[in-house]
Amino acid sequence: MSYMTQAAKSNRCPHCGGRMPQMRHGVRMYAQTARIFDIIEAAGSFGIETRELYRKAYAGMRKPKINTGVVQAHLRHARKALRGTGVRILAERIAGRQCRYYIHTPIEVSSS
C-alpha cells in the first residue's frame, strides 16, 4: 500500500483495506461523487463554473481523463442521493455549455 496517498489510506478500512463509505448530509456517496460535492459546497453561494469544477475534481490524478459525461453522472448520483434531505445541487447556465454549480440548503426558521 505504499503507492497510496495519505488521503487514499484514510478512506480505507484499517482492518480489511476496503473502501469506507463517504457520507455527506447523512447519505452515502461514491468517493469521487463526494469529492465533487465537496468542491461545489466549498465554492459557497457564488458557486463554481464547469471548467473549474472539472479541473479541481481531477487535480492530483496521474493521468486524468476528464470526461464530462462521467462528471455529470456523479452529479446525477449526488442529486438523487440528496433528494430526501432538502439539500440540492443547482446549476445556472452562464454561457453556452458553461454552468455555475452551487449547493442550496433550506433555511430553517425557528418558531419562537
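Here is a short report on the structure shown in this document. Keep in mind it's a predicted model, so treat the numbers as computed, not measured. (Residues numbered from 1 in each chain as written. Predicted model: local features only at pLDDT ≥ 70, side-chain atom pairs only at ≥ 80, totals over all residues. Heavy atoms only, no water.)

Here we have 3 strands laid out as an open sheet, ordered S3-S5-S4, and antiparallel in their pairing. One side of each edge strand has no neighbouring strand; the edge strands of this open sheet are strand S3 (48-49) and strand S4 (88-95). As paired strands, S4 and strand S5 (residues 98-104) are joined by 7 bridges and run antiparallel to one another. Residue Arg88 lies in a different strand from S5, and its bridge partner there is His104. Across the sheet, helix H4 (residues 68-81) lies against S4 and S5, angled at about 140 degrees from S4, the strand it touches most. (Pairing = 2+ DSSP bridges. Helix = DSSP H or I, 4+ residues; strand = E, 2+ residues; numbered from the N terminus. Contact = heavy atoms within 4.5 Å. Axes fitted to C-alpha atoms, helices over the stretch in contact; angles between N-to-C directions.)

For the rest of this paragraph, the subject is the pairing of S5. Across the 7 residues that make up S5, a large majority, 5, are buried. One ladder, built from 2 bridges, connects S3 with S5; its direction is antiparallel. For Glu49, the partnering residue across the bridge sits in S5 and is Arg100. (Buried < 20%, exposed > 50% of the residue type's maximum accessible area, 1.4 Å probe, protein only.)

Packing of helix H2 (residues 31-42) against H4 brings their axes to within 9 Å, and their N-to-C directions diverge by 85 degrees. Taken as axis vectors, H2 and H4 run roughly perpendicular relative to one another. Contact residues: Gln32, Thr33, Ile36 and Ile40 in H2; Val71, His74, Leu75, His77 and Ala78 in H4. Along the lines of polarity and charge, the residues of the contact of H2 with H4 split into 5 nonpolar, 4 polar and no charged. (Parallel < 35°, antiparallel > 145°, perpendicular 65-115°, else oblique. Nonpolar A, V, L, I, M, F, W, Y, C, P; charged D, E, K, R; others polar.)

Now for the nonpolar core. Ranked by internal contacts, the top residues of the largest apolar core, which has 21 residues, are Ile40, Leu53, Ile89 and Tyr101. Ignoring any residue separated from it by four or fewer positions in sequence, one finds Tyr101 in contact with Ile40, Gly47, Ile48, Thr50, Leu53, Gln72, Leu75, Arg79, Ile89, Leu90 and Ala91. (Core = buried A, V, L, I, M, F, W, Y, C linked by side-chain atoms within 4.5 Å.)

In this model H2 runs 16 Å from its N-terminal to its C-terminal C-alpha over 12 residues, within 8% of the 16 Å that 1.5 Å per residue would give. Turning to H2, its buried residues are Gln32, Thr33, Ala34, Ile36, Phe37, Ile39 and Ile40. Gly44 lies just past H2 and shows a positive phi near 75 degrees. (Expected span 1.5 Å × (residues − 1).)

Here we take up the environment of Tyr54. Structurally, Tyr54 is set in helix H3 (residues 50-57). It is 7.5 Å that separates the C-alpha atoms of Tyr54 and Val71, two residues lying 17 residues apart in sequence.

This next bit is on the packing of H2 against H3. At a minimum axis distance of 10 Å, the contact between H2 and H3 shows a crossing angle of 130 degrees. Classified by the angle between their axes, H2 and H3 sit oblique to one another. As H2 runs across H3, the sense of the crossing is right-handed. For the pair formed by H2 and H3, the contact residues are Gln32, Arg35, Ile36, Ile39 and Ile40 on the first element and Leu53, Lys56 and Ala57 on the second. Among the residues making up the contact of H2 with H3, the classes are represented as 5 nonpolar, 1 polar and 2 charged. (Left-handed = near helix turned anticlockwise from the far one by under 90°.)

Any functional reading would require information that these geometric values do not contain.
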